[in-house]
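# Descriptive analysis of the structure
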Amino acid sequence: MSIMEQDRTDPGAARARLARVLERAVPGHVDVEAVSPLSGGASSLTYAVDAVREGQAWRLILQVTPPGQTVAGMSRAVQAALQTRVGKAGVRVAEVIAVLTPQDDLGEGFVMAFVEGETLAPRWLRDNAYAGARAAMLADCAESLARIHAIGAEAVADLRLPVLTPQAQLRALREIYDDCEGAVPVFELAFAMLGESLPEDGNLALVHGDFRSGNLIVGDTGLAAVVDWELAHIGHPLLDIGWLSTNTWRFGQTQMPVGGFAEREAFYAAYEASGGMKVDPELALAFEMLGSLRWGVMCMQMGAAHLSGEVASVERAAIARRVSETEADLLYMLKHGAL
Amino acid sequence: MRSRIEAADLVEAAAAFLKEAESELSGRTAFHAKVAANALAIVVRELREHPSEAEAAALGALLPDVAAEARVAEACARIRAGEWTAETPGLLDALEAGVRARLAVDNPRFSTLQRLRGA
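All figures in this text were calculated on a predicted structure; none of them were measured in a lab. (Residues numbered from 1 in each chain as written. Chains lettered and ligands numbered in written order. Predicted model: local features only at pLDDT ≥ 70, side-chain atom pairs only at ≥ 80, totals over all residues. Heavy atoms only, no water.)

### Quick word on the overall build of chain A
- A tally of regular secondary structure across chain A gives 12 helices and nine strands.
- The C-alpha atoms of chain A give 21 Å as radius of gyration, which agrees with the globular expectation for 339 residues (20 Å, within 12%).
- Principal-axis analysis of the C-alpha atoms gives chain A an extent of 60 × 45 × 40 Å.
- Counting only residues that meet the buried cut, chain A has 54% of its 339 residues in that class.
- A sequence separation of at least 24 residues applies to 66% of the contacts in chain A between residues at least 6 apart.
- Of the roughly 14100 Å² that chain A leaves accessible, carbon and sulfur atoms contribute 52%.
- Side chains of chain A carry 27 positive and 43 negative charges; the gap between the two charge centres is 2 Å. (Helix = DSSP H or I, 4+ residues; strand = E, 2+ residues; numbered from the N terminus. Rg over C-alpha atoms; globule rule 2.2 N^0.38 Å. Buried < 20%, exposed > 50% of the residue type's maximum accessible area, 1.4 Å probe, protein only. Contact = heavy atoms within 4.5 Å. Areas by Shrake-Rupley, 256 points an atom, 1.4 Å probe, with all protein chains shown as cover. Lys, Arg positive; Asp, Glu negative; His and termini not counted. Charge placed at Lys NZ, Arg CZ, Asp CG, Glu CD.)

Below is the structure:
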C-alpha cells in the first residue's frame, strides 16, 4: 500500500508518521501538510512533500517503494547512501534528509530536499529563457561526470553495486532482445559491430548509468542536480558520455550531439580538464551506438510488457513504435560513422 | 464523390474526436488521450502506406528465393550467423528503405528520417 492509498483511508496518519521521520533528521517541530504524487512507476513513486519546520515552509521530495513490493534494482537505502556520497564528492545532487525504516510503515524510501529548476528536457533545451543555463551545461555536466567517475569502485565497495563491463551490458541487452523475440536486422548489425568495438573490461569506475538530459534539473545558471541514481553501477566511464549523447535525449537538437547542448570535442576536453579519463573519440561513438541500441531494446521491452498484460497502457504500446527511430539512428551511424 | 468509408477514414475520424476531447480533459487522462490520438494516427498511416510490404520488397533483391513475409527474419539470421555484415553490398540500402517506410508511419517528423532523406 502506498502512502497515497493510506492517505485516502487515513490522510492524517501517514503524514504524521512522515513528520516524525523528518523530526528524527532535524531539530525542532515538523508538520507535513500535503503529500502529492508527482509520477508513478510500477515499483517506485515520487511525491512532493509540503512540510513546515519551525513555522517555515519546507519543500521536500519523497521517493518510495510501497510496502510489500520488492524493488527489482537498487534498494532505496543504497540509493540514498550513494546520493549522499556523490554529493560529498562535489556532484550536484538533492541532499538526502532522511531514510525510511520499516517501523515508519511508509514503504522503502527516502526523503530529499526539493531542488528548484526545470526537469522537462525539451523545455530547457529549446526555450530562450534557458539560453544562459544551457551555455553553462557543458562545463557543469563535464565536471559532474568527471567527479562521479573519479570516486572509483573501491570507495563504494560497501554498497555492492553491480559490475557491468561494456560487453556484459551488451550481452544483457541481447538477452532482453531475445526474450522480446526481437527480429530487427539493424539491431543485429549493431550487436555484431559492438561485439567487436566495445572493450571487455577497461578502467571501470562508478558510473551514474542513466545520465541523460531528462535526469538533470536545470536552474537559471546551469545544472542544479543530477537525479535518478537507481541504475548506478561499476562500469565504463564512456557509458555515461555515450548515453548522454544518444540522439533520443537531444530532443531534436541534433547539431549539439552531447545531450542536445554541447559539441563532442569541447565536451570531451572539458571532461578531461575536470579530471576525467582521456576520451577516445572512436570508442565514445561506439558507446553512442550502444545508447541507441539500449533505448531501442527498452522500447521493445515496454511493448512486450504491454502485450503480456503486465503493464497494459496505450503509452507503453505507443512507445514500442519508437523502435524505428532507434533503427534510423543506428543505420545513420552505420552508414556515416556518427549521427 | 466518394462515399465508401474505409478503415483508415474511420480511424482518422476517431483520432480527430480524441484530439477534440483532449482539450476537455486534464492531467493523466489528457496525456493518455493525446497518446491515443497519436497511436490512431500511426494506424491511419499504416493502413494507407503498408510499410512492411515496402520492407519485404527492399530485401527482395538480396533474398529473391525467400518468401516476402520471411525476409526480415532471414536477414536477422544471416547477420547473426556472421554471413552478412554492414559491408554486404546492398544490405544497408535495403534496410534503410524498410526503416524509412516504417518510420514514415511511426513518426514522419523524426529528425533522423529527414537526415537520411537528405544524405
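### A look at helix α3 (residues 76-88) of chain A
All names here are of chain A.
- Taking 1.5 Å per residue as the helical rise, α3 with its 13 residues ought to reach 18 Å, and the 18 Å between its terminal C-alpha atoms agrees with that figure.
- Among the residues of α3, those classed as buried are R76, Q79, A80, L82, Q83 and V86. In a view along the axis of α3, the buried residues occupy a sector of 165°, so they form one face of it.
- Against β3 (56-65), β4 (96-99), β5 (108-113), α5 (131-151) and β6 (205-207) lie the buried residues of α3.
- At the exit of α3 stands G90, carrying a positive phi of roughly 95°. (Expected span 1.5 Å × (residues − 1). Arc of directions from axis to C-beta.)

### Side note on the packing of helix α7 (residues 185-197) of chain A against helix α5 (residues 91-106) of chain B
- Interhelical geometry of α7(A) versus α5(B) gives an angle of 135° and a closest axis separation of 10 Å. Taken together, the axis directions place α7(A) and α5(B) in an arrangement best described as oblique. In this structure, α7(A) contributes P185(A), V186(A) and L189(A) to the contact, and α5(B) contributes L91(B), L92(B), L95(B) and V99(B).
- Classifying every residue of the contact of α7(A) with α5(B) gives seven nonpolar, no polar and no charged. (Axes fitted to C-alpha atoms, helices over the stretch in contact; angles between N-to-C directions. Parallel < 35°, antiparallel > 145°, perpendicular 65-115°, else oblique. Nonpolar A, V, L, I, M, F, W, Y, C, P; charged D, E, K, R; others polar.)

### Observations concerning the interface of chain A and chain B
- With 27 residues of chain A at the contact, the number on the chain B side is 30 residues.
- Contact between chain A and chain B buries roughly 2700 Å² in total, counting both sides, with carbon and sulfur atoms accounting for 66%.
- Together, P185(A), L189(A) and R321(A) form the three largest contributors to the area buried by chain A at its contact with chain B, with a combined 21%.
- Taken together, the links from chain A to chain B amount to seven salt bridges. (Buried area = accessible area lost by both parts, 1.4 Å probe. Salt bridge = Lys/Arg side-chain N within 4 Å of Asp/Glu carboxyl O.)

### Considering the UniProt feature "domain: DUF6285" (unreviewed entry) in chain B
- Mapped onto this numbering, the UniProt entry gives "domain: DUF6285" (unreviewed entry) at residues 24-110 of chain B.
- Within residues 24-110 of chain B, the helical portion is 68% and the strand portion 0%, while the C-alpha atoms at the span's ends are 28 Å from each other. (UniProt positions renumbered as here; feature names shortened; annotations may be inferred.)

### Details of the packing of aromatic side chains
Residue and element names in this part refer to chain A.
- Applying the stated criterion across every chain yields a total of six aromatic pairs over all chains.
- Taken together, a centroid distance of 5.8 Å and an interplanar angle of 50° make the contact between W124 and F261 tilted. Of the two residues, W124 is situated in helix α4 (residues 121-126) and F261 in the loop between α8 (237-244) and α9 (264-273); the sequence distance between them amounts to 137 residues.
- Residue W124 is classed as buried on the basis of its relative accessible area, which comes to 0%.
- Every member of this aromatic cluster is reached through a ring pair, and the members are W243, W249, F251 and W295.
- The lysine or arginine in question, R53, covers the ring of W58, its NZ or CZ lying 5.1 Å from the ring centre. (Phe/Tyr/Trp six-rings, centres within 6.5 Å; stacked < 30°, edge-to-face > 60°. Lys NZ or Arg CZ within 6 Å of the ring centre and 35° of its normal.)

### What to know about the nonpolar core
Residue and element names in this part refer to chain A.
- Ranked by size, the top nonpolar core spans 95 residues in total, and within it L82, W124, F187, L206, W229, F267 and L293 carry the most contacts.
- A total of 12 residues in this core trace back to one element, the largest contributor, which is helix α10 (residues 281-307).
- The residues touching W229, leaving out its near neighbours within four places in the chain, are M74, Q79, L82, Q83, V86, V91, V93, I148 and H208.
- The next biggest cluster of nonpolar side chains, apart from the first, holds 22 residues, and it includes A19, V30, A51 and L106. (Core = buried A, V, L, I, M, F, W, Y, C linked by side-chain atoms within 4.5 Å.)

### Remarks on the packing of helix α6 (residues 166-179) of chain A against α7(A)
Residues and elements named next belong to chain A.
- Viewed as axis vectors pointing N to C, α6 and α7 meet at an angle of 160°, and their least axial separation amounts to 10 Å. Accordingly, the angle class assigned to the pair α6 and α7 is roughly antiparallel. Read as a crossing pair, α6 and α7 show a hand that is left-handed. For the pair α6 and α7, the contacting residues are Q167, L170, L173, R174 and Y177 in the first and F187, E188, F191, L194 and G195 in the second.
- In terms of residue class, the contact of α6 with α7 is built from six nonpolar, two polar and two charged. (Left-handed = near helix turned anticlockwise from the far one by under 90°.)

### Considerations on α5(A)
Residue and element names in this part refer to chain A.
- When the terminal C-alpha atoms of α5 are compared, their 31 Å separation across 21 residues agrees well with the 30 Å that a helix rising 1.5 Å per residue should span.
- Most pronounced at M137, the bend in α5 amounts to some 40°.
- Trailing α5 by a residue or two, G152 shows a phi angle of about 80°, which is positive. (Bend = angle between axes of the 7 residues up to and from the residue.)

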